[in-house]
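Residue-level structural notes
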Amino acid sequence: LPMDLFRLTISTLLARKMWVVILLVALITPVVFPLFTPHETNASLLEPARAQTAWTCAWVIGILWTLSQAARFGESNSRSGIGSYFRSQGLGSLRQIFAIWSAIMLFLLPVVLIAIGTCLLFAMPADPQEASMWVWTNLQFATLFLLTIGPLALLGVGLGSRFGALVGYVAPTGLCLYGLYGVTYLGMTIRLRGDNILLEWLYAVSPQYHLADLTPRLIFKMGHLPWSDFAGFFLYFLAITLVLGSFATLLFRTDPLRN
């Protein structure tokens, strides 16, 4: 039996060895970087700095590596003829895109687990009540993080298969950075300029990815999100997942473009 696309993608990622560097960065950075803070004079700075570094590292890896791999595999699957081959073996386009996406996301999961583990092992508050809220905050963070990067990676596979790796990487990355940072500035602009229907409409349809970044709640030990708020965020990002997932599957192609 021929190797299925999921295992082929896994094997390719393992052969490239970049995953070793990614895991080392995720492991070492949260331990080493916070030591450059003035923790000798204020020991309370060290634990929040470790939590912030751990999740910042996860964001950087998700955006720089996961999304780039999604676009790259999307392009290679169509242009190399692998997609056409698996289609001839009965593996349809829907199964192909999710096989590629699942393999890529599997390599992101250890990064998320390392971020959680760093926060629980090296930054856990001593107070039992704060510790409980700390655990739930990290689990909420992990859920919202995956609901952000996952659909964008799926979009990267779809765009990469049709328009090439460059477009497949730049578009989801731009959307992610806009949702994390640009939307905040857009909201400030609306408040400063008053009523502007166009800007308000743009803000309303923009992805509010900044809601998935719970780093401030970790730094200032604000506790986990109220469960009603978390449920609202979860459903919101799930709706974005359905939109981006539908768009990605419609774009995805298994055969190279013909001139």
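Below you will find a few notes about this structure. Quick caveat: nothing in here was measured; it's all calculated off a predicted structure.

When you go through the protein residue by residue, the secondary structure sums to 10 helices and zero strands. Listing the helices and strands of the protein from first to last along the sequence gives α-α-α-α-α-α-α-α-α-α. A total of 259 residues make up the protein; the buried ones form 44% of that total. Once local pairs closer than 6 in sequence are excluded, the contacts in the protein between residues at least 24 apart make up 81%. With an accessible surface of roughly 13,200 Å², the protein has 70% of that area assigned to carbon and sulfur atoms. When the 15 positive and 11 negative side-chain charges of the protein are each reduced to one mean point, those points stand 16 Å apart.

In this description, an aromatic ring pair is defined by two values, namely the gap between the centres and the angle between the planes. The final tally for this structure, using the stated rule, is 12 aromatic pairs. Ring centres of Trp136 and Trp227 lie 5.3 Å apart, and the angle between their planes is 85°; on these two criteria the pair is classed as edge-to-face. Of this pair, Trp136 sits in helix α6 (residues 128-163) while Trp227 sits in helix α10 (residues 227-251), placing them 91 residues apart in sequence. On the numbers, 5.3 Å between centres and 70° between planes, the contact of Tyr236 with Phe237 is edge-to-face. By relative accessible area, Tyr236 is classed as partly exposed at 28%. By the ring-pair criterion, three or more aromatic residues cluster together here, those being Trp55, Trp59, Phe141 and Phe145.

With respect to the secondary-structure elements, Thr29 resides in helix α2 (residues 18-32). Thr29 gets classed as buried once you look at its relative accessible area, which sits at 16%. At a separation of 2.7 Å, a polar atom in the side chain of Thr29 contacts the main-chain carbonyl oxygen of Val25. Dropping the residues within four chain positions of it, Thr29 is found in contact with Leu24, Pro34, Thr53 and Cys57.

Another point: the state of the cysteines. All chains considered together, the criterion is met by zero disulfides. Residue Cys57 stays outside any disulfide, its sulfur separated by 11 Å from that of Cys119, the closest cysteine. With relative accessibility at 8%, the residue Cys57 sits in the buried group. Cys57 supplies the cysteine sulfur nearest to Cys176, a cysteine that is in no disulfide, at a spacing of 15 Å.

The axis of helix α7 (residues 165-193) is deflected most strongly, by about 50°, at Gly179. Elements in contact with the buried residues of α7: α3 (46-79), α6 and α8 (197-205). Gly194, located one to two residues past α7, shows a positive phi value of around 80°.

This paragraph deals with the layout of surface pockets. Of the volumes computed, that of the largest pocket is approximately 150 Å³. Taken together, Gln52, Thr56, Trp59, Val60, Ile63, Leu180, Tyr181, Asp213, Thr215, Pro216 and Ile219 make up the full set of residues lining the largest pocket. Counting residues per element, the ones that place at least two in the lining of the largest pocket are α3, α7 and α9 (215-219). Element by element, the count of residues in the lining of the largest pocket is highest for α3, at five residues. Across the lining of the largest pocket, the residue classes break down as seven nonpolar, three polar and one charged.

Before going further, it helps to examine unusual backbone geometry. Residue Lys17 is not a glycine yet carries a positive backbone phi of 65°. Its identity is not glycine, yet Lys221 carries a phi of approximately 50°, on the positive side. Within the secondary structure, Lys221 is located in the loop between α9 and α10. Lys221 sits in the partly exposed class, given a relative accessible area of 36%.

Tallying each qualifying case throughout the model produces three salt bridges. Here Arg7 and Asp4 are joined by a salt bridge, their closest N and O atoms 3.1 Å apart. Between Arg253 and Asp255 there is a salt bridge; the shortest N-O distance is 3.4 Å.

Definitions and cut-offs
- Residues numbered from 1 in each chain as written.
- Predicted model: local features only at pLDDT ≥ 70, side-chain atom pairs only at ≥ 80, totals over all residues.
- Heavy atoms only, no water.
- Helix = DSSP H or I, 4+ residues; strand = E, 2+ residues; numbered from the N terminus.
- Buried < 20%, exposed > 50% of the residue type's maximum accessible area, 1.4 Å probe, protein only.
- Contact = heavy atoms within 4.5 Å.
- Areas by Shrake-Rupley, 256 points an atom, 1.4 Å probe, with all protein chains shown as cover.
- Lys, Arg positive; Asp, Glu negative; His and termini not counted.
- Charge placed at Lys NZ, Arg CZ, Asp CG, Glu CD.
- Phe/Tyr/Trp six-rings, centres within 6.5 Å; stacked < 30°, edge-to-face > 60°.
- Polar contact = N/O pair within 3.5 Å; in protein donor to acceptor, adjacent residues only side chain to side chain.
- Disulfide = S-S within 2.5 Å.
- Bend = angle between axes of the 7 residues up to and from the residue.
- 1 Å grid on protein atoms, 1.4 Å probe; cavity = no way out; pocket = protein on both sides within 12 Å on 5 of 7 lines; lining within 4 Å.
- Points joined across faces, edges and corners; volume = space filled by probe spheres on them.
- Nonpolar A, V, L, I, M, F, W, Y, C, P; charged D, E, K, R; others polar.
- Salt bridge = Lys/Arg side-chain N within 4 Å of Asp/Glu carboxyl O.

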